[in-house]
Amino acid sequence: MSELPNTKPTDEGGENQIVAKPTGAQTSILHLMYTFGKHLSKVAIVYLFGYFNISPAWLLGPLVLSVLREEWKKEKELKRNIAKAAALSNEKDVILARVDDLPAWVFFPDIERAEWVNRILNQVWPNVNHYAKDIIKDKIEPAVQESLLMYNMKGFSFQKMRLGSIPPRVGGVKVYDKNIARDEIIMDLDIFYAGDCDISFTLSGLSGGIKDFQIHGMIRIVMKPLIKTMPLIGGLQIYFLNNPTMDFNLVGVADLLDMPGLSDMLRRIIVEQVSAIMVLPNKLSIVLSDDVSTHNLKFPEPQGVLRVHLIEAKELMKKDISMLGKGKSDPYAIITLGAESYRTKTIDNTVDPKWDFWCEAIITSRRNEEVSMTVWDWDPFVPGQSHDFLGRATVEVFGVSEKGQTDSWITLEEAKTGMVHIRMSWLEFSDKIEDLKAAIAETQMLRVTTMSTAVLMVYVDSASHLPRSGGKSGNAPPDPVFHISVGKVTKQSQIIYRTEHPVFEKEFTFLVNNPETDTMHIKFTDTKTQTEIGKLSYNLSNLLDKPGLELQHQPLLLKSSVPDSKVQLSLRLRVLKHPEGPIKDEVSLYKGEINPSPQLSRDASLKKQDSVSALKKQDSVSTLKKQDSVSTISTKSEENLPDNFRSEESQLMTNPSSELETIHRRQPSTTSSVGENYLGKIQLTLRFSVARQRLIILVHKIANLPLKDPSNIPDPYVKLYLLPERSKDSKRKTETVKDNCNPVYDETFEYVISQGELSTRQLEVTVLTQKTWKSPVMGQVIINLAELDLNTAVTAWYDLQPEALKEKDQ
């Protein structure tokens, strides 16, 4: 009886087929021939190099590059395999294994909820698979085609799009029940996809593919409006709160590009296109009921604008190599907020750059968005964007919006040294024309031409009666697309194929420099013939005369087109203004400023750039009054306390005319407490960020360090450690202030730590002086973090104690 050949069932083309595999003898012969040919080619190459007297460097270079590429691919493959194994594991095991990495709101009830959501995903994944194919083909493919044209690469198209049988996994679920409208449901999902997708494409006639695609991020699902008829939910809005992390493996001919530097281009394009569809302020909107207007679901709903001023950095790492060893760096910074990124100029040959860089971003969800800053050393000899990394910093938008504005130094993460000085201001929306004058006056004061005074929200519903063109008959329907621009910003719609009456249902938001002079331009193009088939110019000053500064469902005639061509759109203009009431500026309150300005002043910041060190050496203003024995007072609870129980800053804010004494920096204060050990006191603010899982420490100042010898004034600095391990990674250090018994720092430090770990940790704060080579200790404080409620910022004065006494207490 003859042996049956090995067979494998497949579902290619939707039908089961039997594919014969080669037998063992055939496999051995083919493998032998392949091995012989491979070794023969290697010997032939070496022989030819010797025969033609070619330099060994031509052989060594590709060899080194090949080895590096293989190592890089092995590392990436290992990470992808680990992620895929996690995706195939039990949901509860995966969640419990990652419990330290999950947000603080993910508790065991949420684990059960996540399992429930994962079961639903398993059931609906085949249908989601088909829907995702349409999105990839209709939205991502045209955008990638346009982006690749910038690199002279043509003919890109997806051929096969299979997302596989492994659905995404949900690691945590949060359903909001506060601060939401009664006709909506808001749910956040910590989602992770590491499936068995198989996507193939062609580029310039070459075939390639993408496998092992992975994506991880926080995705929000908004179900609104809630209606009284089935399906009870009128529509969905789906979007990532911040840019998700993505990775994938290139196969086929595209595998030649899968090496550091060269593959960055394709990866960056794909990330940009995903951001343009599903990262705030961009949303994927789905209408579920005919009773709900698409306009109501898709019209832009931003909450405000964040104005960012990245002033400078200091003590960055040295990355450039000079003849004498490590030289300096050529730093630049990239600021990212949602789908928007901004790049500063490069400052050559310095570790203390002064950028004076301004940017603005429209915020859609201030409670969840973050400002991310990465600092890089520009290297002209490195291809692509693979420059030396100098550190990163992250700031929560919600904290800035609550205070109105902030001004602080932030320590860079993932860096040995370095800090950035950043100021931010939160701007709300107003529909009152009288607020425009103040907004224009502020931008003129800042003398920054890129600053905005208003926001324009646009919803383009459809166009009608577009002219026919092209085709063999010369009368074929167009494939319309439109470009919309305000100022220097231009955005594009999706392409609608073969129709004179395209329905776009596309929303846009624009920052407007001056609505009295700016104009919105819309140009329609037939992508088939690349001819213009209609355009519109709308002066924004016309909106200033409309009720509520709005234009609702208005058909406007197109120019350079047929007489009946129109575009149906809605417009809404909102003026930017600072929040009303006192600005709770963190740094201003800590420094005791009586009337902090609600606006960012360019003059003040520019002067501050060149005089930070000088201000440290000037006379300091002491606002300290005699303290009681209570040394730890929460800033939140001080409002209802009598004056003698409030901290010095609260007394100053409530009684601006209280005694202010200017004390020379070389002399200790005689009007305030020197602590129970006569070693002085240190003021700190501690807070735990639940969203970012970080312990944030702000070192304000030190008061009344002892001065035993007037000719030997201390040069104090503060050093921090997280106990009990007291590791090198937990070490933080402020700058040194020369010749000062009352130094002011206002420096911020962060530790990545879970909320559960706080109960087992202590913070060691040590004050030292650099007068001698061994930096003797002037005093210490050890703070038990378990005793503090760090959900709100806690500001307190702590008595410095002798180092020996603290060691004994431990």
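Worth saying up front: this structure is predicted, and the values here are computed from it rather than measured.

Caption draft 1: Summary view of the sheet that holds strand 34 (residues 732-733). Judged by pairing direction, the sheet is antiparallel, and its 4 strands sit side by side in the order 34-33-36-37 without closing on themselves. For this open sheet the edge positions go to strand 34 and strand 37 (777-784), each flanked by a neighbour on one side alone. Sheet analysis places strand 33 (residues 716-723) next to strand 36 (residues 762-769), joined by 8 bridges and oriented antiparallel. Within strand 36, the position partnered with K719 by the bridge is T766.

Caption draft 2: Examining the sheet that holds strand 17 (residues 370-377) more closely. Here 4 strands make up an open sheet; going across it, the order is 15-14-17-18 and the pairing antiparallel. Lying at the two open borders of the sheet, with one neighbouring strand each, are strand 15 (340-343) and strand 18 (388-396). With strand direction ignored, the average angle separating the axes of adjacent strands in the sheet is 20 degrees.

Caption draft 3: Summary view of the pattern of salt bridges. This structure, assessed with the given rule, holds 19 salt bridges. With its nearest N and O atoms 3.5 Å apart, the salt bridge here joins E750 to R694. Of this pair, E750 sits in strand 35 (residues 744-752) while R694 sits in strand 32 (residues 694-703); the two residues are 56 residues apart in sequence, bridging distant segments of the chain. Taking the relative accessible area as the measure of exposure, E750 reaches 11% and is therefore buried. D715 is the partner of K738 in a salt bridge, and the nearest nitrogen-oxygen pair spans 3.9 Å. Within this pair, whereas K738 is found in the loop between strand 34 and strand 35, its partner D715 is found in the loop between strand 32 and strand 33, the two being separated by 23 residues in sequence.

Caption draft 4: Inspection of a positive patch on the surface at higher detail. Residues K416, K728, K731 and K733 make up a contiguous surface patch of positive charge. For K728, a relative accessible area of 75% corresponds to the exposed category.

Caption draft 5: Region of interest: the packing of aromatic side chains. On inspection of all chains with the given rule, the structure shows 8 aromatic pairs. Measuring from centroid to centroid gives 5.1 Å for F156 and F158, while their planes differ by 80 degrees, and the two rings are edge-to-face. Like F158, F156 is buried. Plain terms: the ring middles of F482 and F504 are 4.8 Å apart, the flat faces sit at 85 degrees to each other, and that makes the pair edge-to-face. With F482 in strand 22 (residues 480-486) and F504 in strand 24 (residues 503-512), this residue pair connects regions lying 22 residues apart in the sequence. An identical accessibility class is assigned to F482 and F504; each is buried.

Caption draft 6: Geometry of the layout of surface pockets. Estimates place the volume of the second largest pocket at around 1500 Å³. Taken together, 44 residues line the second largest pocket, and the ones lying closest to its centre are W125, V128, I219, I238 and M278. Of all the elements in the fold, those that place two or more residues in the lining of the second largest pocket are helix 4 (108-149), strand 5 (185-194), strand 7 (206-223), strand 8 (235-240), helix 5 (264-278) and strand 10 (284-287). Broken down by element, the lining of the second largest pocket gets its largest block of residues, 14 residues, from helix 4. Across the lining of the second largest pocket, the residue classes tally to 43 nonpolar, 1 polar and no charged.

Caption draft 7: The nonpolar core, seen in detail. In terms of nonpolar packing, the biggest core is built from 42 residues, with F158, L163 and I210 touching the most fellow members. Among the elements that line this core, the one with the most residues is helix 4, at 9 residues. By size, the runner-up hydrophobic cluster in this structure holds 35 residues, among which are V460, F504, L540 and L549.

Caption draft 8: Representation of the environment of G534 within the structure. In this fold, G534 is placed in strand 26 (residues 531-539). Residue contacts for G534: discarding those within four places in its chain leaves I522, K523, F524, L558, K559, S560 and S561.

Caption draft 9: Helix 8 (residues 435-446), seen in detail. End to end, helix 8 covers 17 Å across 12 residues, agreeing with the expected 16 Å (1.5 Å per residue, within 8%). Where helix 8 is concerned, the buried positions are D435, L436, A439, I440, E442, T443 and L446. On an axial view of helix 8, the arc spanned by its buried residues comes to 160 degrees, and they lie on one face. In this structure, helix 8 carries K437 and Q444 as exposed residues pointing more than 90 degrees from its buried face. One or two steps after helix 8, the chain reaches R447, where phi turns positive at roughly 55 degrees.

Caption draft 10: Structural view of the side chain of K314. Topologically, K314 is positioned in strand 11 (residues 304-314). What makes K314 buried here is its relative accessible area of 10%. Setting aside residues up to four positions removed in sequence, K314 forms contacts with V351, D352, W409, G418, M419, E735 and E747.

Cut-offs applied
- Residues numbered from 1 in each chain as written.
- Predicted model: local features only at pLDDT ≥ 70, side-chain atom pairs only at ≥ 80, totals over all residues.
- Heavy atoms only, no water.
- Pairing = 2+ DSSP bridges.
- Helix = DSSP H or I, 4+ residues; strand = E, 2+ residues; numbered from the N terminus.
- Axes fitted to C-alpha atoms, helices over the stretch in contact; angles between N-to-C directions.
- Salt bridge = Lys/Arg side-chain N within 4 Å of Asp/Glu carboxyl O.
- Buried < 20%, exposed > 50% of the residue type's maximum accessible area, 1.4 Å probe, protein only.
- Patch = residues over 30% accessible without salt bridge, like charges linked within 9 Å, V, L, I, M, F, W, Y side chains within 5 Å.
- Areas by Shrake-Rupley, 256 points an atom, 1.4 Å probe, with all protein chains shown as cover.
- Lys, Arg positive; Asp, Glu negative; His and termini not counted.
- Charge placed at Lys NZ, Arg CZ, Asp CG, Glu CD.
- Phe/Tyr/Trp six-rings, centres within 6.5 Å; stacked < 30°, edge-to-face > 60°.
- 1 Å grid on protein atoms, 1.4 Å probe; cavity = no way out; pocket = protein on both sides within 12 Å on 5 of 7 lines; lining within 4 Å.
- Points joined across faces, edges and corners; volume = space filled by probe spheres on them.
- Nonpolar A, V, L, I, M, F, W, Y, C, P; charged D, E, K, R; others polar.
- Core = buried A, V, L, I, M, F, W, Y, C linked by side-chain atoms within 4.5 Å.
- Contact = heavy atoms within 4.5 Å.
- Expected span 1.5 Å × (residues − 1).
- Arc of directions from axis to C-beta.

Note that every value here comes from positions in space, so none of it alone points to a role or purpose.
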